[in-house]
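Close look at the chain arrangement
This is what each chain is made of:
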Amino acid sequence: LLQARIGALGLQERAFLRGRTTEPWRVMAEADVFVMTSRYEGFPNALLEAMGVGLPCVSTDCPSGPREISRDGRDSLLVGLDDQVGLCDALVQLMSDASVRQEMGLRARDSVVERYRLEAVLKVWDDLFKSVGA
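This write-up is about the structure you can find in this document. (Residues numbered from 1 in each chain as written. Predicted model: local features only at pLDDT ≥ 70, side-chain atom pairs only at ≥ 80, totals over all residues. Heavy atoms only, no water.)

**Re the packing of aromatic side chains**
- Under the definition given, this model contains two aromatic pairs.
- Relative to Tyr 116, the ring of Phe 43 has its centre 5.9 Å away and its plane inclined at 70 degrees; by these criteria the two rings are edge-to-face. A residue pair is termed long-range when its members are at least 10 positions apart, and Phe 43 in the loop between strand E1 (34–36) and helix H3 (45–52) and Tyr 116 in helix H6 (residues 98–116) qualify at 73 residues.
- For Phe 43, a relative accessible area of 42% gives the class partly exposed.
- Given the relative accessible area of 28%, Tyr 116 is considered partly exposed.
- Ring centres 5.7 Å apart and planes at 35 degrees place the aromatic pair Trp 125 and Phe 129 in the tilted group. In this pair, Trp 125 and Phe 129 are both assigned in helix H7 (residues 118–131), four residues apart and thus about one turn of the helix distant.
- For Trp 125, a relative accessible area of 45% puts it in the partly exposed group.
- Overall, the relative accessible area of 41% leaves Phe 129 in the partly exposed class. (Phe/Tyr/Trp six-rings, centres within 6.5 Å; stacked < 30°, edge-to-face > 60°. Helix = DSSP H or I, 4+ residues; strand = E, 2+ residues; numbered from the N terminus. Buried < 20%, exposed > 50% of the residue type's maximum accessible area, 1.4 Å probe, protein only.)

Put into structure tokens, the structure is as follows:
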């Protein structure tokens, strides 16, 4: 279905469906940008993983997740729900300037590594347990 749509839109040279992989981070790291247009998320692991491999990201500012992970849009671009113009503008911004993509990707990776590495997460849990007297 998606491959047929790509063909119908004449995007065969620009959109690729890579198939299954056991190393998704390697495939992601080869991309130029990551785009997530969810209406709802809990904790969007795909966004976190894309940022973690250094991809510049664009995400809808859907309830719960993207705003928190991107630190209010500092580490990735946020666009409003159903804002097609905003999404296009964000993609043009990233796709038209390699230095912006590189800078945002590095900032995203550093942020994710700093806040979500195992030691940082364990510290948050330890602090929580201490605060409730466990």
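There's plenty left to go through after this.
**Concerning the side chain of Ser 38**
- For Ser 38, the location among the structural elements is in the loop between E1 and H3.
- In terms of polar contacts, Ser 38 uses its side chain to reach the side chain of Glu 41, at 2.6 Å.
- Setting aside its immediate chain neighbours within four residues, Ser 38 contacts Thr 60, Cys 62 and Leu 81. (Polar contact = N/O pair within 3.5 Å; in protein donor to acceptor, adjacent residues only side chain to side chain. Contact = heavy atoms within 4.5 Å.)

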